[in-house]
Amino acid sequence: MPAIACTVIRGGTSRGAYFHRAHLPDSPDERNATLLRAMGGPDPLQIDGIGGGHPLSSKVAVVDSGSTEGIDVDYLFLQIDPAQQTVSDMQNCGNILAGVGLFAINEGLVTPGDNVTTVRIRMQNTGAVCHLDIQTPGGVVAIDGETSIDGVPGTAAPIICNYLEIAGSSCGALLPTGNVVDEFDGVRVTCVDNGMPVVAMRADAMGISGTEAPEVLDRNDGLKKALESIRLKVGPAMGLGDVASKSVPKMCLVSPPTAGGAFMTRTFIPHTCHKTIGVLGAVSAATACALPASAVAALANIPSGSIKTLDVEHPAGAFRLVLEYDDGGSVTKAGVIRTARTIFKGEIYV
Ligand code: NQM
């Protein structure tokens, strides 16, 4: 049975298997079969592999040296759906991205500086770019620190993530349907792609308060059916084609904030409710809430000004992000703080 070098890293509020591209087969079909085997398919529990039986712990990063000017590292994100046994490259993942810098430094793809190392990453899924600032005192990646993120126990060293030019990353436009508001199955929605294709709608329009626990929503078959019916119609309208076996768009149910943040969220990614919220999912949801005429704007408290610091509330707390707008009202930069930790490094038998 062949063995492949693999590092398991918690990136933000997700956990993934990180591979050097050269260690995986070149052919996408062979690569996907290898990854399904590594994560533990075909079985929703992923009992015969290292996936955690949940979309948030069934993620893969394929990392390589940067192939373009101004880029240190290329990163391909692959979502393995444990239930459907699919491998999708249709989306970015900002949580797993938070671990790419430390993987790249530890693998010798990037030489660390003495204090802070900026790693410039190109997301191969969409071509979008993110600059990570990693603490590297004395040229060594810091793991311990005082930063906590909701959804992860304890504290760790901060990783500053600055996303650049992410509008329309997967769909080609910030408002992929060309409208601020659309209606599907009688529900008003705002479809946004600011790094992640997201369909934002009022939670009360779907018959929930929007503060239910994710486990409760995961058992609500009526809600899941209604969301999937909308999603299958929205997908082609957003230019994503038939999304039946794709991990996008994400479905974000918005309600008023409950803890002084900008707004509350419950996000289906797309068939399971997120325990928190994805990084770029939060950026897109906040962008939808900040559009004055959107389907969800009236529920949100959005600060004025061209630099907006927002707390996006989610089931485990809140997610702080900073959106920078240009004079034309477009988001030019999105900043978030994450942490990451190498959990395990070794060889995986496939
Ligand atoms: O939106 C989950 C996660 C994500 C994606 C998902 C993410 C992002 O929390 O950038 O991080 O939406 O499937 O890892």
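Rules behind the numbers
Residues numbered from 1 in each chain as written. Predicted model: local features only at pLDDT ≥ 70, side-chain atom pairs only at ≥ 80, totals over all residues. Heavy atoms only, no water. Near = heavy atom within 4 Å. Polar contact = N/O pair within 3.5 Å; in protein donor to acceptor, adjacent residues only side chain to side chain. Areas by Shrake-Rupley, 256 points an atom, 1.4 Å probe, with all protein chains shown as cover. Helix = DSSP H or I, 4+ residues; strand = E, 2+ residues; numbered from the N terminus. Core = buried A, V, L, I, M, F, W, Y, C linked by side-chain atoms within 4.5 Å. Buried < 20%, exposed > 50% of the residue type's maximum accessible area, 1.4 Å probe, protein only. Domains from an automatic or database assignment. Contact = heavy atoms within 4.5 Å. Phe/Tyr/Trp six-rings, centres within 6.5 Å; stacked < 30°, edge-to-face > 60°. Lys NZ or Arg CZ within 6 Å of the ring centre and 35° of its normal. Expected span 1.5 Å × (residues − 1). Buried area = accessible area lost by both parts, 1.4 Å probe. Salt bridge = Lys/Arg side-chain N within 4 Å of Asp/Glu carboxyl O. Nonpolar A, V, L, I, M, F, W, Y, C, P; charged D, E, K, R; others polar.

**Re the site of the ligand**
Then comes step 1: In the vicinity of the ligand, 15 residues are found, and the nearest of them are S14, G94, N95, H274 and L280.
Then comes step 2: One of the side-chain N or O atoms of S14 is found 2.6 Å from an oxygen atom in the ligand.
Then comes step 3: With respect to the ligand, the side chain of K59 contributes an N or O atom lying 3.0 Å from an oxygen atom.
Then comes step 4: Bound to the protein, the ligand loses 99% of the 350 Å² it would expose on its own.
Then comes step 5: For the shell around the ligand, the elements supplying multiple residues, two or more each, are α2 (94-97) and α6 (279-290).

**Some thoughts on the nonpolar core**
Within soluble globular proteins, side chains that are nonpolar generally end up buried alongside one another.
Then comes step 1: Within the largest apolar cluster, 83 residues are counted, with the highest numbers of intra-cluster contacts made by Y75, Y163, M201, F263, L321 and L323.
Then comes step 2: Here this core takes eight residues from α6, the largest share from any one element.
Then comes step 3: When residues of this core are sorted by domain, at least three fall in each of domain 1 (3-166 + 339-349) and domain 2 (182-329).
Then comes step 4: In this structure, Y75 is in contact with A61, V62, C93, I96, L97, V100, I121, R122, M123, Q124 and N125, ignoring residues within four places of it in sequence.
Then comes step 5: Judged by nonpolar contacts, the second largest core, of 18 residues, contains A38, M39, V87 and I348.

**As for the packing of aromatic side chains**
Then comes step 1: What the rule picks out here adds up to one aromatic pair.
Then comes step 2: Across from the ring centre of Y325, 5.2 Å away, lies the NZ or CZ of K308, which sits over that ring.

**Side note on helix α5 (residues 221-237)**
Then comes step 1: Given a rise of 1.5 Å per residue, 17 residues ought to cover 24 Å, and the 25 Å separating the end C-alpha atoms of α5 matches this to within 8%.
Then comes step 2: Taken together, the buried positions of α5 are L223, L227, E228, I230, R231, V234 and G235.
Then comes step 3: Among the structural elements, β9 (182-184), β10 (187-193), β11 (197-202), α4 (214-218), β12 (250-255) and β13 (263-268) are those in contact with the buried residues of α5.
Then comes step 4: Two residues or fewer past α5, G239 is found with a positive phi of approximately 85 degrees.

**Remarks on the environment of N179**
Then comes step 1: Residue placement: N179 occurs in the loop between β8 (159-164) and β9.
Then comes step 2: Taking the C-alpha atoms as reference points, N179 and S294, separated by 115 residues in sequence, lie 9.3 Å from one another.

**A look at the domain arrangement of the protein chain**
Then comes step 1: Domain boundaries assigned for the protein chain yield domain 1 (3-166 + 339-349) and domain 2 (182-329).
Then comes step 2: On a C-alpha basis, the centres of domain 1 and domain 2 stand 24 Å from each other.
Then comes step 3: Of the residues lining the interface, 19 residues belong to domain 1; the matching set on domain 2 comes to 27 residues.
Then comes step 4: Between domain 1 and domain 2, a total of about 1700 Å² is buried, with carbon and sulfur atoms accounting for 61% of that surface.
Then comes step 5: Linking domain 1 with domain 2 are zero salt bridges, by the criterion used here.
Then comes step 6: Along the contact surface separating domain 1 from domain 2 lie six residue pairs in polar contact (both at pLDDT 80 or more).
Then comes step 7: Of all elements in the fold, only β4 (73-81), β5 (86-88) and α2 reach the threshold of two or more residues within the side of domain 1 that touches domain 2.
Then comes step 8: Residue composition of the side of domain 1 that touches domain 2, by class: six nonpolar, eleven polar and two charged.

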